[in-house]
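Coordinates in review
What follows is each chain in one-letter form.
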Amino acid sequence: MSVRAPAARWRPSDLWRTLAGLGVVLGFTALVLDGLDAAPAWILGEPRDVRLVPTVAEAERRLGARLFLPGYFPDTIEWPPSAVRIRRGPVPGAALSFDGRRGGPYMQLGQAVRPGDVPDRLMPAIRPLDEAPIWIAGQQARLRRFTGPDGQVWRELTWRTKGRQLVLRSRGTVEEMVRMARTSRDEP
């Protein structure tokens, strides 16, 4: 003969205990996933909403817009870009970094992908040494000199095309930068 175990009685406190345990597990899981999501940006020293992508084509795909690229590149600049960073969200944009043929950072091209300004997270503000107006394709642009992260004097050229702001920072000459700005297009 077998003895039956007494039936467990359900109590309302059992439901609350189960729900509290589930809440703790889900909350802990959310915190771990949030930390894992932030880890790459923390390791690379980038803002959390900025992503590194492998190519210009991938940046265009993720942003859903064509990027403006100069038709003219001086021989002093390596192609393809050494880094392509994008920012999605309310102020989307892209920043392309280029090395010089002699090594080291040489140029950055930042741009908004909609009418508006380049996101600060992609192209941090600089402290200009001086500033002068310049004309690009019949529109007033801004040319500034500043001390770059390498301690050398860089130049920054800022202009608008189709309402989108573009920022070109380079160790190159003003003539190279103006030519690059005049030949920038978003068509293949």
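In case you missed it, the structure is sitting above this.
Just so it is clear, the model here is predicted, and its values are computed rather than measured.

**Topic: the overall build of the protein chain**
Helix and strand counts for the protein chain come out as three helices and 10 strands. Secondary structure elements of the protein chain, listed N to C terminal, follow the sequence α-β-α-β-β-β-β-β-β-β-β-α-β. With 188 residues in all, the protein chain has 36% of them scored as buried. Across the protein chain, contacts joining residues at least 24 apart in sequence account for 50% of those joining residues at least 6 apart. When the accessible surface of the protein chain is totalled, it reaches about 12000 Å², and 58% of it is carbon and sulfur.

**Regarding the pairing of strand β7 (residues 139–147)**
Looking at chain direction, strand β6 (residues 128–136) and β7 are connected through eight bridges and run antiparallel. What sits directly across from D130, in β7, is R145. Counted along the chain from β6 to the antiparallel partner β7, the turn is two residues long, and its residue A137 has a positive phi close to 50°. Bridge count for β7 against strand β8 (residues 153–161) is six bridges, and the pairing is antiparallel. What sits directly across from R144, in β8, is E156. Here β7 folds back onto β8, and the loop between the two strands holds five residues, one of which, G151, carries a positive phi near 85°.

**Focus on helix α2 (residues 56–63)**
Among the residues of α2, V56, E58, A59, E60 and L63 are the ones counted as buried. Where the residues of α2 are buried, they touch β1 (50–53), β2 (69–70), β3 (83–87) and β4 (93–99). Phi for G64, located one or two positions after α2, is positive at around 70°.

Reading the values: rules and limits
Residues numbered from 1 in each chain as written. Predicted model: local features only at pLDDT ≥ 70, side-chain atom pairs only at ≥ 80, totals over all residues. Heavy atoms only, no water. Helix = DSSP H or I, 4+ residues; strand = E, 2+ residues; numbered from the N terminus. Buried < 20%, exposed > 50% of the residue type's maximum accessible area, 1.4 Å probe, protein only. Contact = heavy atoms within 4.5 Å. Areas by Shrake-Rupley, 256 points an atom, 1.4 Å probe, with all protein chains shown as cover. Pairing = 2+ DSSP bridges.

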